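Tertiary structure, described
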Amino acid sequence: MKPCFVGVDLGGTNIRAAVATSASTFANHVAERTPAQDGADAVCDAMASAILKAADGAPLGGVAIGVPGPLSPEKGVVFAAPHLKGWTEVPLVKMMEDRLQCPVAIQNDAHLAGYGEWTAGAGKGVRTMVFITISTGVGGALVLDGKLWSGVTGTAGEIGHTPLGPNDPPCAQGHPGCLEGSASGTAIARKGREAVANGMETRLRNVPTDEIDAEAVEMAARAGDAVSIQIYRDAARALGRMLGGIINLINPKLIVIGGGLIQAHELIFQPMLDAVSEMAFAVPGKDTEIVIAGLGTDAGLVGAVAWAMHEFGSVETSSAVVTHSS
Ligand SMILES: [Zn+2]
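Residue numbers here run from 1 along each chain, matching the order of that chain's written sequence. Local features in this predicted model are restricted to residues whose pLDDT is 70 or higher, and side-chain atom pairs enter the listing and the counts only when it is 80 or higher, whereas totals over whole chains, interfaces and linings include all residues. Note that water and hydrogens are dropped before the side-chain values are worked out from all heavy atoms of the structure.

What to know about the overall build of the protein chain
Helix and strand labels come from DSSP, where a helix needs a run of H or I of at least four residues and a strand needs a run of E of at least two; each type is numbered from the N terminus. When its secondary structure is counted, the protein chain shows eleven helices and 13 strands. Atoms considered for the radius of gyration are the C-alpha atoms alone. The globule rule reads 2.2 Å times the number of residues to the power 0.38. Compactness check: the protein chain gives a C-alpha radius of gyration of 20 Å against a globular reference of 20 Å for 326 residues, within 12% of the reference. Taken over the C-alpha atoms alone, the protein chain extends approximately 65 × 45 × 30 Å along its principal axes. The contact criterion used is simple: two residues touch if any of their non-hydrogen atoms lie within 4.5 Å. Taking contacts inside the protein chain between residues at least 6 apart in sequence as the whole, the part at least 24 apart equals 63%. Residue burial considers only the protein chains on display, and all accessible areas are found by Shrake-Rupley using a 1.4 Å probe. Accessible area of the protein chain: about 14,500 Å², with a carbon and sulfur share of 52%.

And the structure:
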């Protein structure tokens, strides 16, 4: 039997695994709950079980895992994973290679989601693109001249942790005036609760405080609530200005935006585009395309499968099929 290559998308809620059928397509999709509260050994056992189920008896040629936290692909160590209890300095590659007896590679989950969009989604065929995912937090990935750029220590792409004004709100990591403190699902929810606490005239007063999340603010905004619309506009403006800075820094062909929050198209995507020109130079600003991601929630799994093929597969990989340099 030919060896198979498995991609894994490890999330705080679910483990998803699948076998590569090409450089960017998969089969045998297996999904299981993540034992997130039970420590690294339990999560590794659950991943190994999902991987073997996906492999369905075929020998393992290699496995790539997308992990929700900063890590070193080179050392095979996850520095931290905020949604997984007890994950500090976890030697994940060794733990999984011991269980599977095959080579294992790890990458940050946002990096692999961006890699998935590049190999099979909105970024297909482009040599330089930036991927940004906007949901509870803000993450990203850089594909530079046909290669995923992980950075020197593996932690590049943390677009959510770029500076706003020093007196703007901090992010959950405590950086003062950090983008995630103003323009993430968490920030939007917090601003909604603050508006109620400050006695502002808003529909959110009808929502129990602990139920005010980004979605509740979105619903209020769609119903015409001026305070909620402004909360989204402020977040969109901060994001758009950040995109302008990225355009100036990287000069990409394409910026692909994913994540749950961006689905609120007229509330956030369009006002975000409108703010890009506050920061971006006219050239390259007008030459940079900004589009919504194409793979939705599959981006991480497609990216993991593609990365397994890139690292261990014997067929031509995605970078070899790029046909034009734009
Ligand atoms: Zn931060």
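Quick look at the coordination of the zinc ion
Bound to the zinc ion on the protein side are His161 (ND1), Cys171 (SG), His175 (ND1) and Cys178 (SG), at distances that span 2.0 to 2.3 Å. One can describe the donor arrangement at the zinc ion as tetrahedral, given that its four donor atoms subtend angles of 103 to 119° at the metal. Sequence positions of the residues that donate to the zinc ion give the spacing H-x9-C-x3-H-x2-C. Accessibility here uses a 1.4 Å probe with only protein chains present; expressed as a share of the type maximum, an area under 20% marks a residue as buried, one over 50% as exposed, and anything in between as partly exposed. Accessibility expressed as a relative area gives 35% for His175, which makes it partly exposed. For Na, K and Ca the donor cut-off is 3.2 Å; for every other metal, N, O and S atoms count as donors within 2.8 Å. Water does not enter the count, which can leave sites looking incomplete. By the criteria applied here, four donors are tetrahedral when all angles lie between 85 and 135 degrees, four are square planar and six octahedral when opposite donors are over 155 degrees apart and every other angle lies between 65 and 115, and any other arrangement is irregular.

Looking at unusual backbone geometry
Residue Pro284 is bonded to the preceding Val283 through a cis peptide linkage, with omega at 20°. One can find Pro284 in helix α9 (residues 282-285). One non-glycine residue, Asp56, lies in positive phi territory at about 55°.

Looking at the packing of helix α5 (residues 185-197) against helix α7 (residues 226-250)
Axis separation between α5 and α7 bottoms out at 10 Å; the angle between their running directions is 145°. Viewed along their axes, α5 and α7 form a crossing whose handedness is right-handed. Contact residues: Ile188, Lys191, Gly192 and Ala195 in α5; Val227, Ile231, Tyr232, Asp234 and Ala235 in α7. All amino acids are sorted into three groups, where Ala, Val, Leu, Ile, Met, Phe, Trp, Tyr, Cys and Pro are nonpolar, Asp, Glu, Lys and Arg are charged, and the leftover types, Gly among them, are polar. In terms of residue class, the contact of α5 with α7 is made up of six nonpolar, one polar and two charged. Here the axes come from fitting lines to C-alpha atoms, over the contacting stretch only for helices, and the angles between their N-to-C directions go from 0 to 180 degrees. By definition, turning the near helix anticlockwise from the far helix through less than a right angle yields a left-handed crossing, and turning it clockwise yields a right-handed one.

Notes on the pairing of strand β10 (residues 138-144)
For β10, a buried count of six out of seven residues is recorded, marking the element as mostly surrounded by other parts of the structure. Only strands that DSSP links by at least two bridges are regarded as paired with each other. Examined bridge by bridge, strand β9 (residues 129-134) and β10 share six bridges and lie antiparallel to one another. Paired with Met129 across the bridge in β10 is Val143. Taking the residues between adjacent antiparallel strands as the criterion, β9 and β10 are bridged by three residues.

So, the sheet that holds strand β7 (residues 88-90)
The strand order across the open sheet formed by three strands is β5-β6-β7, and the pairing between neighbours is antiparallel. Looking at which strands have only one partner, the edges of the open sheet turn out to be β5 (71-72) and β7. For strand β6 (residues 77-80) and β7, the ladder comprises two bridges, and the chain directions are antiparallel. Note on β7: the bridge partner recorded for Val78 is Val90.

As for the domain arrangement of the protein chain
How big an interface is tends to be stated in terms of accessible area lost as the parts join. Examined at the domain level, the protein chain breaks down into domain 1 (4-114 + 297-321) and domain 2 (125-293). The domain limits used here are those given by an automatic or database domain assignment. Each of domain 1 and domain 2 has a C-alpha centre, and these two points are 27 Å apart. Tallying the contact residues gives twelve residues for domain 1 and 15 residues for domain 2. Across the interface of domain 1 and domain 2, roughly 950 Å² is buried in total on both sides, 63% from carbon and sulfur atoms. Any Lys or Arg side-chain nitrogen found within 4 Å of a carboxyl oxygen on Asp or Glu counts as a salt bridge. Here domain 1 is connected to domain 2 by zero salt bridges. When two components associate, each loses some accessible surface as probed by a 1.4 Å sphere; the sum of these losses over both components is called the buried area.

Examining the pattern of salt bridges
All told, the structure shown has 13 salt bridges when counted by the stated rule. Ionic contacts of the salt-bridge type, sharing partners, join the residues Asp41, Asp45 and Arg99 into one network.

With respect to helix α8 (residues 265-279)
The terminal C-alpha atoms of α8, which comprises 15 residues, lie 21 Å apart, in line with the 21 Å expected from a rise of 1.5 Å per residue. At Leu273, α8 shows its largest bend, some 25°. Residues of α8 that are buried include every one of Leu267, Ile268, Phe269, Pro271, Met272, Ala275 and Val276, and no others. Where α8 is buried, its residues touch β9, α6 (214-222), α7, β12 (254-258) and β13 (289-292). Expected helix span is taken as 1.5 Å per residue step, with the number of steps being one fewer than the number of residues. The term bend refers to the angle at a residue between two fitted axes, each drawn through seven residues, those ending there and those starting there.

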